[in-house]
Amino acid sequence: MLRSVVIPERYESKLSRMETAVAIQKTKQYFRNSLEKALDVTEVASPVMVKEGTGINDNLNGTERIVSFDVMDMADGRVEIVQSLAKWKRSALAQYGFAIGEGLYADMKAVRRDESMDNLHSIYVDQWDWEKVIGDDNRNLATLKYEASRIYEAIKSTEAFVHELHPCLEPILPERIFFVTTQELEDRFPSLSPKEREHEIARMHGAVFIMQIGGALKSGQVHDGRSPDYDDWTLNGDIVLWYPVLNCAVEISSMGIRVDAPSLRQQLLASNQLDRLGLNFHQAVLAGQLPSSIGGGIGQSRLCMFLLRKAHIGEVQVSVWNEKTMKECEEGNIPLL
């Protein structure tokens, strides 16, 4: 039977359970401070749940089942647990009145019931979800690359900080991040699958920003699924790092310049979801009631796992796991929290 968990040979955590607990908190605090300075964003309160039927919840690839429930004291609909805050943040920018170049971030906690449990995936998701206002003339690749570079600098600074705390955790990130589009990856590695292309380019460069995710490539293949109603598929990307502990590419952040009215219509048409145009959020985009913005999510547990050189995301977050995962981790000397 195939294993669901990759077990590094002779794996042993470099930090004890107590050292790990302290390091997680210090790492998160340092990165939060770095992110605030890098992006000029302010932390705001954020929802764990939203009302069903508003279009404000992130439907990810459009196939994942959202956790929802009825509320005793609400007769006008159900409530959904958020999957991310991609759309909520843009509405919040308008509500708070942020100016161009300013923005917000939130400590997001979510549940994604359809995640497959492995070294990198849990049904519990924690992210720093950020969003900032941009001018209409800044809806371009130059803006996207600049903000991605700023986030990468914050990650590198945090890696240096963690090394100071624990010298056994040697820095491995390259000085600069490498930029590449999904079409360039297909042209370069036509015989590989999209995930294999990410693996190969990350192995070669150490840190890459893979741009333009969601639309069809020349081959007719889609590199990866992306919801059609928050990122502009021509102006988005993922920060992917090479992780020697697992010998694989690890996505740390997904981000993008948000849809305007034309790109929203085009992408909903391409994904056969034009029915979503009637939802509140989509109507606000079409009416120009929301600011032009750029935003994304940065995985908290993913980042801590990477910087603390852990083999499994369950070493840095408390979640629930199936019996197979727990048994494999125990056999592989991987201590789940």
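One can find the structure itself at the top, above this paragraph.
Residues numbered from 1 in each chain as written. Predicted model: local features only at pLDDT ≥ 70, side-chain atom pairs only at ≥ 80, totals over all residues. Heavy atoms only, no water.

Strands sit in the order β1-β5-β6-β11-β10-β9-β8-β7 across an open sheet of eight strands; the sheet is mixed. Bordering the open sheet on either side are β1 (41-43) and β7 (178-181), each of which pairs with just one other strand. Taken over all neighbouring pairs, the strand axes of this sheet differ in orientation by 25° on average, direction set aside. As paired elements, strand β10 (residues 248-258) and strand β11 (residues 293-299) share five bridges and run antiparallel to each other. Its bridge partner lying in β11, Ile-257 is registered against Ile-294. Packed on one face of the sheet, helix α2 (residues 86-96) meets β5 (103-111), β6 (124-133), β10 and β11 and runs near 40° to β6. The sheet strands contacting helix α5 (residues 194-205) are β7, β8 (207-211), β9 (231-243) and β10, and the helix crosses β8 at an angle near 140°. (Pairing = 2+ DSSP bridges. Helix = DSSP H or I, 4+ residues; strand = E, 2+ residues; numbered from the N terminus. Axes fitted to C-alpha atoms, helices over the stretch in contact; angles between N-to-C directions. Contact = heavy atoms within 4.5 Å.)

All right, on to the environment of Lys-324 then. When you line up the elements, Lys-324 lands in helix α9 (residues 323-331). Spatially, the C-alpha atoms of Lys-324 and Asp-76 are 41 Å apart, while their sequence positions differ by 248 residues. Separated by 2.9 Å, the side chains of Lys-324 and Glu-328 make a polar contact. (Polar contact = N/O pair within 3.5 Å; in protein donor to acceptor, adjacent residues only side chain to side chain.)

Here we take up the pattern of salt bridges. Under the counting rule described, the total for this entry stands at 23 salt bridges. Across the pair Asp-129 and Lys-89 runs a salt bridge whose closest N-O atoms are separated by 3.2 Å. Residue Asp-129 is found in strand β6, and its partner Lys-89 is found in helix α2; the two are separated by 40 residues along the sequence. Like Asp-129, the residue Lys-89 is buried in the burial classification. Residue Asp-224 is joined to Lys-195 by a salt bridge in which the shortest nitrogen-to-oxygen separation is 3.7 Å. Of this pair, Asp-224 sits in the loop between β8 and β9 while Lys-195 sits in helix α5, and the two are 29 residues apart along the sequence. When its relative accessible area of 23% is taken as the criterion, Asp-224 is described as partly exposed. Residues joined by salt bridges that share partners form a network here, namely Lys-89, Asp-129, Glu-131, Arg-226, Asp-231, Asp-238 and Arg-258. (Salt bridge = Lys/Arg side-chain N within 4 Å of Asp/Glu carboxyl O. Buried < 20%, exposed > 50% of the residue type's maximum accessible area, 1.4 Å probe, protein only.)

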